[in-house]
Amino acid sequence: MNYFLMRKLAFVLLVALGVGLHSSARAQNFVIADIIVDGYQRISPGIIYNLLPVGIGDEVTPGTGAEIIRELVASEYFDEIEVSREGNILVISVLERPSVAEITIEGNSVLETEDILDNMATADIAEGQIFTRAALEAIQQGIQDVYSSRGRYGAAVEVEVEDLPRNRVAINLDINEGEESRIRHINIVGNESFEEDDLLGLFELGTKPWYMFLSRKDRYSREQFSGDLERLESFYLDNGYVEFSVDSTPISITPDRKEVYITINMTEGTRYSVSNVDLAGDLVDAEALLRAAIFVQPGQIYSQSLVTGTEEIMVQCLGNLGYAFAQATGVPEVNEEDQTVDVTFFIEPGNRTYVNRINFSGNLSTADEVLRREMRQLESAPASSLQIEQSKVRLERLGYFETVEVETEEVPGTEDQIDVNYDVNEQNFGAVSFQVGTGGGGNFFISSSLQAQNFLGTGRTVGVGVNRSRFQSGLNLSYVDPYYTPDGVSRGFNLFAREIDSPFNVSSFNTTSFGGSVSFSYPLSEVQVLGFDLGYTHTELGTGIGSVQEIIASPTLFDDLTSYVIEPANTNPFDGPVRDAVLGNVADLRPDQLQTNTEPGFVDKFGDTFDNFTITGSWFRNTLNRGQLANDGSFHRIGLEVTMPGSDLEYARLTYNNQIFWPITNDRRWVVGLTTNLGYGFGYGDDGELPFFNNYFAGGLIQGGGRVRGFEENSLGPESTAGARYLTEGPISLLRDENGEIIRDANGFAQLGGEFGYQTTPLFDADGNPSLDADGNPEVALAVQNFFLDEDFDSFGGNILTTATLELIFPVPFVPNQNQVRAAFFIDAGNVFSSNCTERRRLVKNCSDFDFGEIRYSAGVSVTYLSPFGPLTFYLAAPFGKEGDDTKTFDFTVGTF
């Protein structure tokens, strides 16, 4: 039955039954002995009884029937209502309205189905609710209005209500969203001081130039148009037009509803300047502070943005004094005679407020104590906007939370107390992680570690690392308590043992080392920390086969060798006269005949076993807004590491690192970033040089500050001098196994065959004539060859590091959570240099002191994602190097930044 017909019938029954009861009541009133409700299905009798204006024992009077029907109709539960009497029993018969069994929505893509259902539910149109056609029609019109506000004037919503058994209905919405209407023209009427094109340049909407074929600038949206009108108004108000107004904005739509024409009728008014600025209201003994916050000055052209900025600063100043609900309102008083404005800021500080409770939510794993110790706003203290915000920033810098939100709310029943509520969203701050990547020559490495920055929610950092790769094996244990003392002094420990065998692209050597350290840091301010580290390291250096001459001088004679072969023996008469070998005495050879290296290597000078004690001092200044993937603020670190008396080696290393971010947009989605790493190492005392195994390296995604993407790991900077050996008497050959594979030693180097005698070569003078000794015999020298057993492992590093990265961080499309992913265009620059280049090493490629001409560059794009396994980073880069550089256009790493 039609809904409106039902309401008409109910009205007729209301009148008829009301009259009937009234007529019968004239004959005799009665007292209700019982009430019977008939016809209900889903609605319980209790609900109906509660709706009735009468009950058992009440007297029925004239008009009681009409009152009963009126109350039941108002509930909107029933389509039909009948009231009758059986003796002293009041009988009420009802026909319930149907309930909504299901709702089906089809054809929508711009509006989400869930959003439509939520809006319908606010009008009590939802599955299980009583069906009301009037509300459904309002929803239908509301959906069409939403589409119109988004520029889809051709949208249509068809509604079908299907009757189902058991007094139920199914609602089907068929939506035709239509096409977005395009802006054909915007006309501004009333502008006299500014050109129309200049004003339209303020708008996000407008006609689209031909070259912006991907732009949505011409797609009409009521919300965007309202924002454009606000920008237009702000522009005029900021340029002194206090009386500016938008009078009307008629919009014309073409018959096919595909194009719109917009007209903006406005009144500019007169331009005003500021004549006087004053304060009024309760200044709470802070007049000097409030006057210092005034941006508006007499003589200026009136600007609403300066007035608003002054209001915000005043409210913030009062909030820092404990007036959490303070208001500052700048009121312009127009003087039309001289076209000036008097601006008065009215101050309403309200009651001074105190913090009742500080509450935390969302910290499912992190203990409240960890968050509470970062608070600069204290409970029971005057509320300070600055301290509340400062506490929020400190929580963000922990790196434990993806987002941190704060709000204040008044304590019910009080006028001077508030609760401060921090809501955090935890992110992965500790899990089993691993690192994988590729190195020089396509080598692959992998390591695993447990790095819990918030171990068991205590705020302490516990790390267990196990590394196993082509060039390294190691175990590392670390522990840091950031609040060793209540005032923020931290303490940490570190123990390690590792074996390193020539990392990627590094000259051949190996080290076995173990040691540990203890560290402390002391807060100097909210953003500055001073740190100290005491460490011990035992290092055993192995030169291996083919170590370069900077590590150990070569060639060298074998032990106990006293003679060398001048002419080999011949026992075969077919090869010539039989003779014994002619031997020479090694002791009689001059250095030039031995061709020995007169410049000793590191091992020749200092040995191969070292026990070093180091002390490191560091200064940090950190204003980054987040612990991970920051996009605002800066970080600076200066560190000095020095070996202490009693160490076997005497050296020092000075480093500087920074990260700086400059947001381009207010939402911090577009950001310029700069990262710089500088290092300088030197020896002191008798050593005079930095141990080569503590050299800086650069190239690739390596840690330690030497990141220059687009080049192989460790490949930049000085290269080593090739090792040398004496030639053998017989032919040199590679030893092979039964399968024909080259036999290699434990270090991976090929095994050479042949007898290790010494081949001699004649010496010649400057004129090219054979050189003769005192007896007139030709002089000879032992033959020597240089060798690279693996030409990929040729970088030696240096004691000077300089690298920098300039980035443009941009939002990743279609990713709702930008805090978990970062994309950036980057330019990397840097290299490694050596201030200890000897004359021999200067002949080797890339060994030079700092030289801007030797800086290497690369440009590319990188993406970092905070995965459950740790940061996952990819990059594509185009290197700008020199001929001979080892380059790499793509790389990735998992588990570390």
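Being a predicted model, the structure only gives us computed values, none of them experimental. (Residues numbered from 1 in each chain as written. Predicted model: local features only at pLDDT ≥ 70, side-chain atom pairs only at ≥ 80, totals over all residues. Heavy atoms only, no water.)

## Observations regarding the nonpolar core
Of all hydrophobic cores here, the largest spans 23 residues; its most connected members are Met314 and Phe345. When contributions to this core are tallied by element, the ones reaching two or more residues are strand E13 (273-281), helix H9 (304-320) and strand E15 (340-348). Take this core: its biggest share by element is four residues, from E15. If we skip the residues at most four places from it in the chain, Met314 touches Leu279, Leu290, Ala293, Ile294, Ala328, Phe345 and Ile347. Formed by 19 residues, the second largest nonpolar core is a distinct cluster that contains Met120, Ile139, Val157 and Val169. (Core = buried A, V, L, I, M, F, W, Y, C linked by side-chain atoms within 4.5 Å. Buried < 20%, exposed > 50% of the residue type's maximum accessible area, 1.4 Å probe, protein only. Helix = DSSP H or I, 4+ residues; strand = E, 2+ residues; numbered from the N terminus. Contact = heavy atoms within 4.5 Å.)

## Observations concerning the pairing of strand E23 (residues 490-501)
With ten bridges joining them, strand E22 (residues 472-481) and E23 adopt antiparallel strand pairing. Residue pairing across strands places Asp481 opposite Arg491, the latter belonging to E23. The sheet contact formed by E23 and strand E24 (residues 510-523) spans twelve bridges and is antiparallel. By the bridge assignment for E24, Phe493 is matched with Val518. (Pairing = 2+ DSSP bridges.)

## Regarding the pattern of salt bridges
For the coordinates displayed, the defined rule picks out 25 salt bridges. The salt bridge involving Glu259 is made with Arg184; its shortest N-O contact spans 3.8 Å. You can see Glu259 sitting in strand E12 (residues 259-267) and its partner Arg184 sitting in strand E9 (residues 182-189), a full 75 residues away along the chain. A salt bridge links Asp828 to Arg709; the nearest nitrogen and oxygen atoms lie 2.8 Å apart. A residue pair is termed long-range when its members are at least 10 positions apart, and Asp828 in strand E39 (residues 821-833) and Arg709 in the loop between strand E31 (671-683) and strand E32 (723-726) qualify at 119 residues. Taken individually, Asp828 and Arg709 each receive the classification buried, so the pair is uniform in this respect. Within this structure, Glu180, Arg182, Asp218 and Arg219 form a network of salt bridges that share partners. (Salt bridge = Lys/Arg side-chain N within 4 Å of Asp/Glu carboxyl O.)

## Section: H9
If you check H9, its first and last C-alpha atoms are 24 Å apart, about what 17 residues at 1.5 Å a residue would give, namely 24 Å. If you check which residues of H9 are buried, you get Val307, Gly309, Thr310, Glu311, Met314, Cys317, Leu318 and Gly319. Against E13, helix H8 (287-292), strand E14 (327-335), E15 and helix H11 (385-397) lie the buried residues of H9. Gly322 lies just past H9 and shows a positive phi near 105°. (Expected span 1.5 Å × (residues − 1).)

## Details of the side chain of Gln628
Tracing the chain through its elements places Gln628 in the loop between strand E28 (609-622) and strand E29 (633-643). For Gln628, a relative accessible area of 14% gives the class buried. Polar contacts involving the side chain of Gln628 include one to the main-chain carbonyl oxygen of Gly399, which spans 3.2 Å. (Polar contact = N/O pair within 3.5 Å; in protein donor to acceptor, adjacent residues only side chain to side chain.)

## Side note on H11
In this model H11 runs 19 Å from its N-terminal to its C-terminal C-alpha over 13 residues, within 8% of the 18 Å that 1.5 Å per residue would give. Trailing H11 by a residue or two, Gly399 shows a phi angle of about 85°, which is positive.

## Notes on the sheet that holds E14
Read across the sheet, three strands follow the order E13-E15-E14 without closing on themselves; strand pairing throughout is mixed. The open sheet has two free edges, formed respectively by E13 and E14, since each of these has just one partner strand. Pairwise comparison of adjacent strand axes, ignoring direction, gives a mean angle of 20° for this sheet. Two strands pair when backbone bridges link them, and E14 and E15 are joined in this way by nine bridges, in the antiparallel orientation. Following the sheet pairing, Ala328 is matched in E15 by Ile347. (Axes fitted to C-alpha atoms, helices over the stretch in contact; angles between N-to-C directions.)

## Remarks on the side chain of Glu402
Within the secondary structure layout, Glu402 lies in strand E17 (residues 401-410). Look at Glu402: it is buried, it has no salt bridge, and the nearest opposite charge is Arg626 at 8.9 Å. In contact with Glu402, not counting residues within four places along its chain, are Asn425, Glu426, Gln427, Arg626, Asn817, Asn819 and Gln820. (Lys, Arg positive; Asp, Glu negative; His and termini not counted.)

## Thoughts on the sheet that holds strand E16 (residues 354-361)
Spatially, the three strands line up as an open sheet ordered E16-E18-E17, and their pairing is mixed. For this open sheet the edge positions go to E16 and E17, each flanked by a neighbour on one side alone. Pairs of neighbouring strands in the sheet enclose a mean axial angle of 15°, with direction left out of account. Running over the sheet, H11 touches E17 and strand E18 (417-426) and is turned about 160° from E17.

## Considerations on the confidence of the model for the protein
Looking at the protein as a whole, its pLDDT mean stands at 82, while 81% of the residues score no less than 70. Within the protein, helix H1 (residues 3-27) has the poorest average pLDDT of any element, 43, and E29 the best, 96. pLDDT under 50 marks residues 788-793. Its contacts with residues more than four places away, or in other chains, come to 13 contacts. (pLDDT = per-residue confidence, 0-100.)

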